[in-house]
There are 2 protein chains.
Amino acid sequence: MLEAGQPCAASYFVLQGCLRLYFVTEKGAEQITRFALENWWLADYTSLLSQRPSEFYIQAVEPTTVAVLSYPQQEALLAQVPALERYFRLVLQRAAAADQMRWVYHHGQSLEERYQQFSTWFPGFVQRIPQYMLASYLGCTPEFLSKVRAKASAG
Amino acid sequence: MLEAGQPCAASYFVLQGCLRLYFVTEKGAEQITRFALENWWLADYTSLLSQRPSEFYIQAVEPTTVAVLSYPQQEALLAQVPALERYFRLVLQRAAAADQMRWVYHHGQSLEERYQQFSTWFPGFVQRIPQYMLASYLGCTPEFLSKVRAKASAG
DNA sequence: CGTATTTCTTAACCTAGGTTAAGGAGAAGA
DNA sequence: TCTTCTCCTTAACCTAGGTTAAGAAATACG
């Protein structure tokens, strides 16, 4: 859907399924920065705005239906229907809020706490994705997540 | 300007000076999530939108002049001048882009690399703030930053 | 100026999480 | 049913960065 090295062509709106946005570190590890579930928008805004090569990959985690809105299409749409500016502003405002809280959870808690919280808040989602993706999203290796889970279910 | 525990009353636009947005971890450490320099907006969007108590603090790092736009004022302004929806959308789009890249730099590089990059890109800013704030922003202790700097200037 | 307070550095020791490696377990296909 | 892949787990050992503590250097202040 998007490969690092190419410019990000569009914003994606998930109708059904799940996308992941990730990048690859110098050491070759995949770092998932965000998932997009139903009714969320996903894009690499840096690349979308500049049309320079992206650092990110976007891939489906499961069979997924998306609406694709290219940046020129978006501009044209907004020129025709200025009322949508408000809609996109509100979408971005909510995304900004979510990003700020993500930073708090990620940098304010240990991995164990992050895992506990995430699996309490999104029990269904934890079932829905492979564990190595959850590890990548939470910011650890699959091995370490496995240890945390073993500890959590023991006591 | 904003204290954790109170709702975030407004967005702040920095006319001159520098603000910092930070939160306090369970262990009592301050974590700076963002600085706002001249011409940047700063707010806790989670709290601004919900009017629930904030997790964040906003403080001036140096003598600073800001424009204050409360959320009701913003709504009123946008109702009067709908063309400004576009302006705020673009501001948020740029902020989203910056946040995504921040995640890449923060989680894709070691602390040493992060420090090198930051001081190459923003040499003036590194002079402008105390080092314990830079450490907090880069995500380490002042002690460790000190070690990295010693190493960097040696070889 | 000199004193006080805040910031920065150094160094010894410690811990959360990473790495490597090997084996187990479920699904998918022949 | 046997094989093959992909995923998950366990365990031994390792490292980036944290903690504690103490002094050095700035900076502010009387």
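For the structure itself, consult the block above.
Here the structure is a predicted model, which means the values were calculated and not measured. (Residues numbered from 1 in each chain as written. Chains lettered and ligands numbered in written order. Predicted model: local features only at pLDDT ≥ 70, side-chain atom pairs only at ≥ 80, totals over all residues. Heavy atoms only, no water.)

1. Description of the packing of aromatic side chains
Then comes step 1: All told, the structure shown has 25 aromatic pairs over all chains when counted by the stated rule.
Then comes step 2: Here the aromatic rings of Tyr87 of chain B and Phe88 of chain B are separated by 5.1 Å at their centres, their planes lie at 70 degrees, and the arrangement is edge-to-face.
Then comes step 3: Taken together, a centroid distance of 5.0 Å and an interplanar angle of 50 degrees make the contact between Phe118 of chain B and Phe122 of chain B tilted.
Then comes step 4: Phe118 of chain B sits in the buried class, given a relative accessible area of 10%.
Then comes step 5: Within the aromatic cluster, the residues linked to one another by ring pairs are Phe35, Tyr105, Phe118, Trp121, Phe122, Phe125 and Tyr137 of chain A.
Then comes step 6: The aromatic ring of Tyr22 of chain A is capped on one face by Arg20 of chain A, whose charged end is 4.1 Å from the ring centroid. (Phe/Tyr/Trp six-rings, centres within 6.5 Å; stacked < 30°, edge-to-face > 60°. Buried < 20%, exposed > 50% of the residue type's maximum accessible area, 1.4 Å probe, protein only. Lys NZ or Arg CZ within 6 Å of the ring centre and 35° of its normal.)

2. Considering the protein's contact with DNA strand D
Then comes step 1: In the region of DNA strand D, 13 residues are neighbours, and Gln131, Tyr132 and Ser146 of chain A together with Leu111 and Glu143 of chain B sit closest.
Then comes step 2: Take the atoms of DNA strand D that sit within 4 Å of the protein: sugar and phosphate atoms are 73% of them.
Then comes step 3: A distance of 2.7 Å separates a phosphate oxygen of DNA strand D from a polar side-chain atom of Gln131 of chain A.
Then comes step 4: Split into classes, the residues belonging to the surface near DNA strand D amount to six nonpolar, four polar and three charged. (Near = heavy atom within 4 Å. Polar contact = N/O pair within 3.5 Å; in protein donor to acceptor, adjacent residues only side chain to side chain. Nonpolar A, V, L, I, M, F, W, Y, C, P; charged D, E, K, R; others polar.)

3. Some remarks on helix α4 (residues 111–121) of chain B
Then comes step 1: Leu111, Arg114, Tyr115, Gln117 and Phe118 of chain B are the residues of α4 of chain B that are buried.
Then comes step 2: In the core, the buried residues of α4 of chain B are packed alongside α3 (83–108), α5 (123–128), α6 (131–138) and α7 (142–154) of chain B. (Helix = DSSP H or I, 4+ residues; strand = E, 2+ residues; numbered from the N terminus. Contact = heavy atoms within 4.5 Å.)

4. Considerations on the side chain of Ser54 of chain A
Then comes step 1: Structurally, Ser54 of chain A is set in the loop between α1 (45–50) and β5 (56–60).
Then comes step 2: Ignoring any residue separated from it by four or fewer positions in sequence, one finds Ser54 of chain A in contact with Leu2, Ala4, Gly5, Gln6, Pro7, Asp44 and Ser47 of chain A.

5. Some words on the interface of chain A and chain B
Then comes step 1: Of the residues lining the interface, 37 residues belong to chain A; the matching set on chain B comes to 37 residues.
Then comes step 2: Between chain A and chain B lies a buried interface of about 3500 Å² when both sides are counted; carbon and sulfur atoms form 60% of it.
Then comes step 3: Interface area lost by chain A to chain B is led by Arg89, Gln100 and Trp103 of chain A, which between them contribute 21%.
Then comes step 4: Measuring nitrogen to oxygen at the nearest pair gives 3.3 Å for the salt bridge that ties Glu75 of chain A to Arg86 of chain B.
Then comes step 5: Here chain A is connected to chain B by 14 residue pairs in polar contact (both at pLDDT 80 or more).
Then comes step 6: Listed by contribution, the elements that provide at least two residues to the side of chain A that touches chain B are β2 (19–24), β3 (30–36), α1, α2 (71–80) and α3 (84–108) of chain A.
Then comes step 7: When its residues are assigned to classes, the side of chain A that touches chain B shows 15 nonpolar, 11 polar and 11 charged. (Buried area = accessible area lost by both parts, 1.4 Å probe. Salt bridge = Lys/Arg side-chain N within 4 Å of Asp/Glu carboxyl O.)

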